[in-house]
Amino acid sequence: MALIRSVDRRAPRDLPGPWRLAVTPPGACAGPGDLDGVTDWIAAEVPGTAASALRAAGRWSETAPTPIHDRDVWYRTRLAGPGRFRLRFEGLATLGEVWLDGVAILTTRSMFEAHAVEVEVCAESNLALCFRSLRAELDRPSKRGRWRPRMITPGALRHVRTSALGFMPGWCPEIDHVGPYRPITIEPVGPGAISADLRASLDGETGRLRAHVTVDGGAAAVTLQCDGRETTLAGIGPGQFAGELVLPGIAPWWPHSHGAPNLHVVCARVDGVCIDLGHVGFRSLSLTRPFSEGLSLAVNGVPVFCRGALWTPPDLVGLGPDGTRTLLTLAREAGMNMLRVPGTTLYPATDFFDLCDALGILVWQDLMLANFDYPHDDPRFSAALTREVTAFLDRTQAAPSLCLLCGGSEVWQQAAMLGAPRTVWADAFCDTKLPALAAAQRPDIVVVPNSPSGGALPFSPRGGCTHYFGVGAYCRPLDDARRAEVGFASECLAFANPPESGTPGPAGPADPGGAAGIPRDRGADWDFETVRDHYVGHLYGVDPAALRVEDPERYLDLGRAAVAEVMEATFAEWRRPRSPTAGGLVLMLRDLGPGAGWGVIDWTQRPKSAWYALKRAFRPVQVVLTDEGLDGLHLHLLNETADARALTVTLTFADRGGRVAARADRAVVLEARAALTLTSADLLGRFFDATDSYRFGPRVHDVAHACLTGADGAVIAESFHFPGPRPISRDAIGLTAEPVTTEAGPALRIATEGFAFGVQVRTPGARPADSGFHLAPGTARLIAFPDRPRLPRGVVQAINGTECVEFGHDA
């Protein structure tokens, strides 16, 4: 039972400290009694890591991290008593020992397990923590696996329950994570505390809240309250109470793209005293088709196209929560309704799930298993992994955001790509035991054995979930996103995404795309900048290598535009009504370090061009254009919301100067949760070579522009198609930027006479609502700055324009 509250309000509290830290040679001190000769102690924050403490003391830097795993790390503090107390250790990385007044009270070999220990505290007691050298442990002889991954080293990591972060050259900085990275709390032991097991479910329009409450010392009566309604729980044993509260007409929880993420406060009234048990959300979750045909989720009976990115810790040094709210808010603003926590990282803190609950973001959670041949036949390993899973499900039992539990990342793929048969790579734990564990504690979530998995081979694109990098790492043409018939891409679209101009890189602000930050697969003769350059050349007809030398800034501008265009085009294919694809998660949300990493948000938490592209691609009310060859252009109108929408769709064909070759519009009513596909011929009512496929004469348009407006005439969504070369050559296009004041605050009215390709709004220290967008000839857009009370200073430029328009208070 993970929800623990105290009737007399004696809630657990963080140990006040102060904490001190010392680093010693491995094995030099067998216990705290040997620390008398250690004099080099520094201040430390708990929760935190040795790296964060050493950095604060000026002895360590993430830009040039030095090893910590090759030493023992000691923490110590004093406790005030006397009395009997319960110490809770929420996360100790990794080979930990805990001593109270010189007596060992806990030993752990997993950074993923939490522990609670009851102890007698003197008037003043000494608490010491030791984290033994992980390097010494990894250097000991151990049984080798049947396969050895290149991405994560050394192979002995398969025996240790610790994060792969720091052990993936070319993937993330080599930062050693050692120490009490999650809170250590203390609480008095005695009567009055309660623990509660809550299970919320949705049956049609009726919510059901089951509760099992334990009251230390017993109670006369316990009442469960939620949504202004209550029920008295039945006594089922000494201090044990259970029952169900039925809630007809309860407001359900939705991912934010499809509705409101409604949460409801739960209280237990114990002998007249009200105890807050947190919140719950009521939702149902189901598969819309067999997993072998492609993962596809329905929430509350409504199919949901899941889109988002892979989550990594926002603080790679201290592993703390700083930055979590900012990143999740940016994810939601970009229209992401799902985040995947991959098996190469660590389980997020409970606050992460609380925020995802409130923001309406679904969470796909991997077990912390990745690539290795794990020793599931070892009883100790299997028992530790079982405790890890059950504890995680226990503490997230009331989180409606948790929707999927997965057996890890690329374990099955790793073995299958080396030619092993299914009998080797399909481990029984993830295939059979994991679903049973989830069914016992969270029957409302979906279980996937591994990512990828589900097809004849784990990485087959059509079945189950796949890591699709056809468009992307494997440099396939854009139409491969349709040809591959992807079922669900649990990873996709990895590029070395350049940060915005002015973002500090490995060599400072002038080096945003520095080579030190470019990810690569270990052993490959290419990296993800090579992948980006391929699409720059393919889309824009330039030589990226020559351009990088001749005009470095334009090289980066075209790189930013290329990844944006590829992402928008891919999700346009995947979201069209006839697509078999039910979701796509981009690798990844945020960079782990400076430079042009995989993240769509850079290491300073500033969005990149890819983030803006995804924000445009993920709109819940959307129009997308797809090239159907001889059948012209198809316009796909999507409405994921719960309300019908009265809309007008306009399709315009024009040259880059603004001369219109054809135009048509139509009023449509798009029902709730509905989609509609129109052809260019439907709208125009006549033949027009919209895709330049017939070629009966010279092409008369450079761009097709689809625009979706609401009943008030406001633009809701736009989409563009280029039948020939992208119009990127520089020319005067009549680009202007005019400050305006709106009800929401200051904004910028950007207008153009000719077609504006890739309009960039550059504002150091501020974030525009959009950037990198196209502007059709003779149109304008209002760009707000949601994080600024007044218009910031900056410039507006288009990739194909000669104008550089300054704006702001100093313009």
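Structure first, text after, so check above.
To start, this report covers the structure provided alongside it.

Procedures and definitions
Residues numbered from 1 in each chain as written. Predicted model: local features only at pLDDT ≥ 70, side-chain atom pairs only at ≥ 80, totals over all residues. Heavy atoms only, no water. Helix = DSSP H or I, 4+ residues; strand = E, 2+ residues; numbered from the N terminus. Rg over C-alpha atoms; globule rule 2.2 N^0.38 Å. Buried < 20%, exposed > 50% of the residue type's maximum accessible area, 1.4 Å probe, protein only. Contact = heavy atoms within 4.5 Å. Areas by Shrake-Rupley, 256 points an atom, 1.4 Å probe, with all protein chains shown as cover. Lys, Arg positive; Asp, Glu negative; His and termini not counted. Charge placed at Lys NZ, Arg CZ, Asp CG, Glu CD. Polar contact = N/O pair within 3.5 Å; in protein donor to acceptor, adjacent residues only side chain to side chain. Axes fitted to C-alpha atoms, helices over the stretch in contact; angles between N-to-C directions. Parallel < 35°, antiparallel > 145°, perpendicular 65-115°, else oblique. Left-handed = near helix turned anticlockwise from the far one by under 90°. Pairing = 2+ DSSP bridges. Core = buried A, V, L, I, M, F, W, Y, C linked by side-chain atoms within 4.5 Å. Expected span 1.5 Å × (residues − 1). Phe/Tyr/Trp six-rings, centres within 6.5 Å; stacked < 30°, edge-to-face > 60°. Lys NZ or Arg CZ within 6 Å of the ring centre and 35° of its normal.

Here we take up the overall build of the chain. The helix and strand tally for the chain stands at 14 helices and 44 strands. For the chain, the C-alpha radius of gyration of 28 Å lies close to 28 Å, the compact-globule estimate for 811 residues. Seen through its C-alpha atoms, the chain measures out along the principal axes to roughly 90 × 60 × 60 Å. Burial analysis of the chain (811 residues in total) assigns 58% to the buried set. For the chain, long-range pairs separated by at least 24 residues make up 68% of all intrachain contacts whose partners lie at least 6 apart in sequence. When the accessible surface of the chain is split by element, carbon and sulfur atoms take 52% of a total near 30,900 Å². Looking at charge distribution, the chain has the averaged site of its 79 positive side-chain charges lying 2 Å from that of its 91 negative ones.

Attention now goes to the side chain of Thr324. In this fold, Thr324 is placed in helix H3 (residues 324–333). A polar atom in the side chain of Thr324 sits 2.8 Å from the backbone oxygen of Pro321. Excluding anything up to four places from it in sequence, Thr324 contacts Trp311, Pro314, Phe352 and Leu355.

Attention now moves to the side chain of Asp527. Take Asp527: it is sitting in the loop between strand E29 (489–492) and helix H10 (528–540). Overall, Asp527 belongs to the buried group, its relative accessible area being 15%. Within the local environment of Asp527, its side chain forms a polar contact with the backbone nitrogen of Thr530, the two atoms lying 2.9 Å apart. Excluding its chain neighbours within four sequence positions, the residues that come into contact with Asp527 are Ile518, Pro519 and Arg520.

The geometry of H3 relative to helix H4 (residues 350–359) is characterised by a closest axis approach of 10 Å and an angle of 30° between their N-to-C directions. On the basis of their axis angle, the class for H3 and H4 is roughly parallel. Our pair here, H3 against H4, has a crossing hand that is right-handed. Residues Thr324, Arg325, Leu328, Thr329 and Arg332 of H3 form the contact with H4, whose participating residues are Phe352, Leu355, Cys356, Ala358 and Leu359.

With that out of the way, let us pick up the pairing of strand E10 (residues 124–131). Buried residues dominate E10, accounting for six of its eight residues. Relative to E10, strand E5 (residues 72–80) is paired through eight bridges, and the arrangement is antiparallel. Looking at the pairing, Ala80 lines up with Glu124 of E10. In this structure, strand E7 (residues 96–100) lies alongside E10, joined through five bridges in antiparallel fashion. Within E10, the position partnered with Leu100 by the bridge is Leu127.

It is worth spelling out the nonpolar core at this point. If you look at the biggest cluster of nonpolar residues, it comprises 177 residues, and the most contacted ones within it are Tyr75, Met336, Phe571, Leu589 and Val600. Sequence-distant contacts of Leu589, defined by excluding residues within four places in its chain, comprise Ala309, Leu310, Trp311, Leu327, Ala331, Met336, Leu339, Gly599, Val600 and Ile601. Among the nonpolar cores identified, the runner-up in size contains 25 residues, and Leu209, Cys226, Leu233 and Val270 belong to it.

Pairing is antiparallel across the open sheet formed by six strands, whose spatial order is E4-E3-E5-E10-E7-E8. Two strands bound the open sheet, and with one partner strand each, they are strand E4 (42–44) and strand E8 (103–108). On average, each strand axis in the sheet is inclined to that of its neighbour by 25°, with strand direction left out of account.

Since one α-helical turn is 3.6 residues long, residues separated by three or four positions face the same way. Over its 17 residues, helix H5 (residues 379–395) extends 24 Å from the first C-alpha to the last, a length consistent with the 24 Å expected when each residue adds 1.5 Å. Phe381, Ser382, Ala384, Leu385, Thr386, Glu388, Val389, Phe392, Leu393 and Asp394 are the residues of H5 that are buried. For H5, the secondary structure elements touched by its buried residues are H4, strand E25 (362–366), strand E26 (402–406) and helix H8 (428–441). At the N-terminal end of H5, a side-chain oxygen is found 3.0 Å from the backbone nitrogen of Arg380, two or three residues along, and the residue is Asp378.

Let us now look at the environment of Phe757. Of note, Phe757 is situated in strand E40 (residues 756–762). Judged by relative accessible area, which is 1%, Phe757 ranks as buried. Once the C-alpha coordinates of Phe757 and Ile733 are considered, the two residues, 24 residues apart in sequence, prove to be 9.9 Å apart. Aside from chain neighbours lying at most four places away, what touches Phe757 is Tyr540, Ala561, Glu565, Phe722, Arg726, Pro727, Ile728, Phe773, His774, Ala798, Ile799 and Asn800.

A few words now on the packing of aromatic side chains. Here the structure, examined in full by the defined rule, presents 30 aromatic pairs. Their ring planes at 80° and their centres at 5.9 Å tell us that Phe495 and Tyr535 sit as a pair that is edge-to-face. Taken together, the residues span a long stretch of sequence, with Phe495 in the loop between E29 and H10 and Tyr535 in helix H10 at a distance of 40 residues. One aromatic cluster is present, built from ring pairs that chain together Phe112, Trp311, Tyr347, Phe352, Phe353 and Phe392. The ring of Trp41 carries Arg76 above its face, with NZ or CZ at 3.9 Å from the centroid.

The next thing to look at is the environment of Gly559. Note that Gly559 resides in helix H12 (residues 552–575). The sequence separation of Gly559 and Ser609 amounts to 50 residues, and the corresponding C-alpha distance is 9.3 Å. Other than its neighbours up to four places away in sequence, Gly559 contacts Pro498, Arg532 and Val536.

If you check H10, its first and last C-alpha atoms are 18 Å apart, about what 13 residues at 1.5 Å a residue would give, namely 18 Å. Turning to H10, the residues buried within the fold contact helix H11 (544–550), H12 and E40. The distance from a side-chain oxygen at the start of H10 to the backbone nitrogen of Glu529 is 3.1 Å, and the residue carrying that oxygen is Asp527.

Strands sit in the order E31-E32-E35 across an open sheet of three strands; the sheet is antiparallel. Strands with a single pairing partner mark the edges of an open sheet, and in this sheet they are strand E31 (621–627) and strand E35 (674–679). Pairs of neighbouring strands in the sheet enclose a mean axial angle of 20°, with direction left out of account. Both strand E32 (residues 633–639) and E35 contribute to a ladder of six bridges, which runs antiparallel. When the sheet's bridge partners are listed, His636 is paired in E35 with Thr677.

Turning our attention to unusual backbone geometry. Glycine aside, negative phi is the norm for most residues, and most peptide bonds take the trans geometry. Omega for the peptide link from Val46 to Pro47 comes to 5°, which places this bond in the cis form. Along the chain, the position of Pro47 falls in the loop between E4 and helix H1 (50–56). Here the amide bond leading from Gly81 into Pro82 is cis, since omega sits at 0°, within 30 degrees of zero. By secondary structure assignment, the location of Pro82 is in the loop between E5 and strand E6 (83–89). Even without being a glycine, Cys475 presents a positive backbone phi close to 55°. Its location among the elements puts Cys475 in the loop between strand E28 (466–468) and helix H9 (480–483). By relative accessible area, which is 27% here, Cys475 ends up partly exposed. Its identity as a non-glycine residue notwithstanding, Arg695 has a phi of 55°, on the positive side. Position of Arg695 relative to the elements: it lies in the loop between helix H14 (680–684) and strand E36 (703–709).

These figures come from the coordinates and say nothing about function on their own.
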